[in-house]
Amino acid sequence: MRTQVGIIGAGPAGLLLSHLLHLRGISSVVLEKRSRDYVERRVRAGVLEQGTVDTLIEAGVGDRLLREGLPHHGIELRYGGEGHRIAFEKLVPGRAITVYGQQEVVKDLIAARLEAGGDVRFEVEDVAVHSLEDRPYLTFGGERLDCDVIAGCDGFHGVSRPSIPPGVLKTFERDYPFAWLGILAEVAPSSEELIYTRTERGFALHSMRSPTISRFYLQVPPDATVEEWPDERIWTELKARLESVPGFTLTTGEIIEKGVTPMRGFVAEPMQYGRLYLAGDAAHIVPPTGAKGLNLAVADVRVLTEALATFFRDGSTGPLDGYSAACLKRVWRAQHFSWWMTTLLHTFDSDDDYGRRLQLSYLDYVTSSEAAATTLAENYVGLPW
Ligand code: FAD
Ligand code: DHB
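Figured I'd write up the structure that's included with this text.

Calculation criteria
Residues numbered from 1 in each chain as written. Chains lettered and ligands numbered in written order. Predicted model: local features only at pLDDT ≥ 70, side-chain atom pairs only at ≥ 80, totals over all residues. Heavy atoms only, no water. Helix = DSSP H or I, 4+ residues; strand = E, 2+ residues; numbered from the N terminus. Buried < 20%, exposed > 50% of the residue type's maximum accessible area, 1.4 Å probe, protein only. Contact = heavy atoms within 4.5 Å. Salt bridge = Lys/Arg side-chain N within 4 Å of Asp/Glu carboxyl O.

**Thoughts on unusual backbone geometry**
Line of reasoning, step 1. Proline 270 follows glutamate 269 through a cis peptide bond whose omega is -10°.
Line of reasoning, step 2. Structurally, proline 270 can be placed in the loop between β16 (254-269) and β17 (272-273).
Line of reasoning, step 3. We note that serine 131 has phi near 55°; this positive angle belongs to a residue other than glycine.
Line of reasoning, step 4. As for its placement among the helices and strands, serine 131 is situated in the loop between β9 (128-130) and β10 (137-140).

Now the structure itself:
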């Protein structure tokens, strides 16, 4: 079997890459180890930058996103008993974010690939990468797939990054001393906009998916398990953190999904080796406080698509050779923003009273200075693509 681009992983990066390549007449095969049902149900991110929305619309997979996505023109920062709105329409006119679940993006992309006759294989076993320097190929479940190029879109725990010979990659990593417990609940959102809350009990985030489904996150210890968090405990803690301003009541409902996500920043440089190109979480991850993970994956795929289009059109490898350098600027900006939002809003056991005062002072600055609030707003909605 042979294809132009062998893609490992049917997350947002792999599926979007396959679709964008198809639109340019370039063939690909996507190999995914999980079932279609599993990847379509996996609840993760929800905030799409304008650049991500534009990319999906231009690619013809934005119909449902336009119908069901929720445009947001501001977020609230809540701390010290008060809420402060970061008003995108004033600070970054004409730019906004759209709340639309990652699993819905994945469903839309799978539907588009299958409708166009795309080759997406689920429940594929033992994917392995071979001969990266020349004539690369993939093996899986006893089959062989020869490719011109391989795209490693298989997330942080995939096989593509570890298949690069030792000593080639330089990795940068930061682990945070807490995790996020994320839930989906069948209840109307208690707020029209997202609320990022800092309290002495820890961070909490109120987000949403639709007028009837809410999404929440709680800062929890790094080794927390879902079993330690029965529904009642979750609602008690969410109320304790979010009902920290007068007059705000959190409406509770049935919890339909729970998961714990570790908090980590990670970058592998360069994002390529021989004929292998890494995109999305395979190359870098961010703590989710800045809502950047999915958006970075989409940005990588856009750059890679253009580079591959040039390569298959006239054989020129210039843009492909520059792929990693072209992506890493945005990657590091997102790393910094995600680190900054995380340190601004979470409580650290190691913090003393002095550290807490510094954090509150910075929050006061961000919510009172237009320049500081603009820094937050322009990074949150996404720097121009
Ligand atoms: P992924 O979505 O991880 O897709 C990789 C795919 O590769 C998966 O389908 C996987 O099954 C497949 N795969 C892995 N190994 C193999 C293999 N050996 N062979 C074949 N296939 C393989 N970001 C935010 O902005 N906000 C959030 O709230 C948020 N929550 C998150 C919660 C969790 C639990 C995780 C893990 C991530 C979260 N993120 C969040 C980050 C965001 O979801 C990711 O940045 C985004 O999914 C990246 O897309 P991707 O396609 O690069 O990787
Ligand atoms: C969501 C996730 C995030 O990481 C974030 O910063 C904001 C919203 C969400 O899942 O809705």
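Following the structure, the description resumes.
**Description of the side chain of glutamine 335**
Line of reasoning, step 1. Within the secondary structure, glutamine 335 sits in helix α10 (residues 323-345).
Line of reasoning, step 2. For glutamine 335, a relative accessible area of 9% gives the class buried.
Line of reasoning, step 3. When near neighbours in sequence (up to four residues on either side) are disregarded, glutamine 335 contacts Gly265, Phe266, Val267, His284, Ile285 and Val286.

**A word on the pattern of salt bridges**
Line of reasoning, step 1. Under the defined criterion, the tally for this structure stands at 24 salt bridges.
Line of reasoning, step 2. A salt bridge links glutamate 200 to arginine 198; the nearest nitrogen and oxygen atoms lie 3.3 Å apart.
Line of reasoning, step 3. Assessed through its relative accessible area of 51%, glutamate 200 is described here as exposed.
Line of reasoning, step 4. Arginine 198 sits in the buried class, given a relative accessible area of 4%.
Line of reasoning, step 5. Note that arginine 356 and aspartate 353 form a salt bridge whose closest N and O atoms lie 2.9 Å from each other. Of this pair, arginine 356 and aspartate 353 both sit in helix α11 (residues 353-368), 3 residues apart, which is roughly one turn of that helix.
Line of reasoning, step 6. Each member of the salt-bridge network shares a partner with another, and the members are Arg64, Glu68, Glu104, Lys107 and Asp108.

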